[in-house]
Amino acid sequence: MSTNYRIVVLLSGSGTTLQSMIDTELPANICAVISNKPNAMGLARAEEASIPTHLLDHTLYSSREAFDFDLQGLIDQYQADLVVLAGFMRILSDGFVNHYSGRLINIHPSLLPNYKGMHTHQRVMDEGEPLHGSSVHFVNSELDGGPVVLQARLPVLPSDTVESLELRIKTKEHLIYPTAITWLAEGRIELKDNEVYMDGKKMTGPVVMDYM
Ligand code: GAR
């Protein structure tokens, strides 16, 4: 679908998250996909969907700030209303995050603010948590920080392995991320003074969708 709401997707890996956006009738136009990794499968998925792609190899830059400066320049060529991190495995500099304040979102595989960082599925299992999930959040300059908009929550099953848990979480991510992007594109969700508003009302916490 082609609308006036323009999104740019950043990724580093397999791109199943991007695929869920391509496969959903978003009220938005995915204008470009940018990867920092040359072999990211996500680039091939974008090409298959006739979305312009760019590779910006971070290993060719001597500083985070220099890479983020060029990344920002590239994104801004597309006049993005929203920048969507979809498995983009890089820490972003303060300047970059501030530039896109209120228009930069991420999905992180945990029930934030719990389990920021890497290897969330393993850590959740090691701790014997009864529940796990994934969170869509506005990005601020803290690692996996920023106000949470929407969460998928599901029980950790006795039969789960790290792999099965990851797969179950990803399936739900592919539902909630397009949903959150739709809400943003429709203007239903906004960030003001670091608070999330939905339909004009300040949210006291994220919308939580419970799954089995
Ligand atoms: C997703 O599970 C996403 O939650 C996670 O990376 C995966 C990307 O999958 N993101 C983070 O861990 C961010 N801290 P994909 O490459 O198949 O889209």
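Reference entry: report on the structure contained in this document.

What counts, and at which threshold
Counting of residues starts from 1 at the beginning of each chain's written sequence and follows it residue by residue. Reporting of local features is limited, given that this is a predicted model, to residues whose pLDDT is at least 70; pairs of side-chain atoms are given and counted only at 80 or more, and all residues count toward the totals for whole chains, interfaces and linings. Computation of side-chain values covers all heavy atoms of the structure but excludes hydrogens and water. Working definition: helices are DSSP H or I runs of at least four residues, strands are E runs of at least two. Numbering for both runs from the N terminus. We call a residue near a molecule or strand when any one of its heavy atoms sits within 4 Å of it. Under the rule applied, a polar contact is a pair of N or O atoms within 3.5 Å (in protein, one hydrogen donor and one hydrogen acceptor; residues adjacent in sequence only if both atoms are side-chain atoms). Surface accessibility follows the Shrake-Rupley procedure with a 1.4 Å probe radius. Residue values consider only the protein chains on display as shielding. Here a cavity denotes grid points, spaced 1 Å and computed from the protein atoms alone, that fit a 1.4 Å probe unable to get out, and a pocket denotes an open set having protein on both sides within 12 Å along at least 5 of 7 lines; residues with an atom within 4 Å of a point are the lining. Grid points define the cavity or pocket, and a molecule sits in it when more than half of its atoms lie within 2 Å of them. As a working rule, the residues Ala, Val, Leu, Ile, Met, Phe, Trp, Tyr, Cys and Pro are called nonpolar, Asp, Glu, Lys and Arg charged, and the rest polar, with Gly in that last group. When DSSP locates at least two bridges between a pair of strands, those strands are taken to pair. Here, two residues are considered to be in contact whenever any of their heavy atoms come within 4.5 Å of each other. Interaxial angles span 0 to 180 degrees and are taken between N-to-C directions of axes, which are lines fitted to C-alpha atoms, for helices over the stretch in contact. Geometric relationships in this document are graded by angle, where less than 35 degrees denotes roughly parallel, more than 145 denotes roughly antiparallel, 65 to 115 denotes roughly perpendicular, and other angles denote oblique. Left-handed describes a crossing in which the near helix is turned anticlockwise from the far one by less than a right angle; the clockwise case is right-handed. For Phe, Tyr and Trp, where Trp contributes only its six-membered ring, two rings pair if their centres lie within 6.5 Å, and the inter-plane angle classes them as stacked under 30 degrees, edge-to-face over 60, or tilted in between. When a residue's accessible area, from a 1.4 Å probe over protein chains only, is under 20% of the maximum for its type it is buried; when over 50% it is exposed; and in between it is partly exposed. Criterion for a charge above a ring: Arg CZ or Lys NZ at most 6 Å from the ring centre, at most 35 degrees from the ring normal.

Take unusual backbone geometry next. With an omega of 15°, the peptide bond between L112 and P113 qualifies as cis. Here P113 is to be found in the loop between β5 (104-108) and α5 (120-126). Located in the positive-phi region is S50, a residue other than glycine, with phi close to 60°. Locating S50 in the fold gives a position in the loop between α2 (41-48) and β3 (53-55).

Around the ligand, a shell composed of 13 residues is seen, among which S14, T16, T17, K170 and E173 lie nearest. For the ligand, a nitrogen atom lies 3.0 Å from a polar atom in the side chain of H108. Within the contact set of the ligand, an oxygen atom lies 2.7 Å away from a side-chain nitrogen or oxygen of K170. Contact with the protein chains removes 87% of the 450 Å² of surface that the ligand exposes when unbound. Taking a 2 Å distance to the grid points as the criterion, the majority of the atoms of the ligand fall inside the largest pocket. Secondary-structure elements contributing two or more residues to the shell around the ligand are α1 (16-23), β5 and α6 (162-185). Grouping the amino acids of the shell around the ligand by side-chain chemistry returns three nonpolar, seven polar and three charged.

Overall, antiparallel pairing links the three strands, which are arranged β8-β9-β10 in an open sheet. One side of each edge strand has no neighbouring strand; the edge strands of this open sheet are β8 (189-192) and β10 (201-202). Taken together, the two bridges between strand β9 (residues 195-198) and β10 define a ladder with antiparallel strand orientation. When the bridges of β10 are listed, Y197 appears paired with K202.

Structurally, D76 is set in helix α3 (residues 64-77). Once the C-alpha coordinates of D76 and R168 are considered, the two residues, 92 residues apart in sequence, prove to be 35 Å apart. Those residues in contact with D76 that sit more than four places away from it in its chain are H99 and Y100. A polar atom in the side chain of D76 sits 2.8 Å from the side chain of H99.

A separate point is the packing of α1 against α6. Relative orientation of the contacting elements α1 and α6 amounts to 50°, with a least axis distance of 9 Å. With respect to each other, α1 and α6 are oriented oblique. Every pair of crossing elements has a handedness; the one defined by α1 and α6 is right-handed. Within the contact between the two elements, α1 uses T16, T17, S20 and M21 and α6 uses K170, H174, Y177, P178 and I181. Looking at side-chain class alone, the contact of α1 with α6 contains four nonpolar, four polar and one charged residues.

Pairs of aromatic rings are described using the distance from one ring centre to the other and the angle between the two planes. Taken as a whole and judged by the stated rule, the model has two aromatic pairs. Measuring from centroid to centroid gives 5.4 Å for Y61 and F67, while their planes differ by 85°, and the two rings are edge-to-face. Judged by its relative accessible area of 1%, F67 falls in the buried class. Geometrically, the ring pair formed by F96 and Y100 is tilted, given 4.8 Å between the ring centres and 55° between the ring planes. In this structure, R90 is placed above the aromatic ring of F67, and the distance from its NZ or CZ to the ring centre is 4.5 Å. Stacked on the ring of Y197, the Lys or Arg K192 has its end atom at 4.4 Å from the ring centre.

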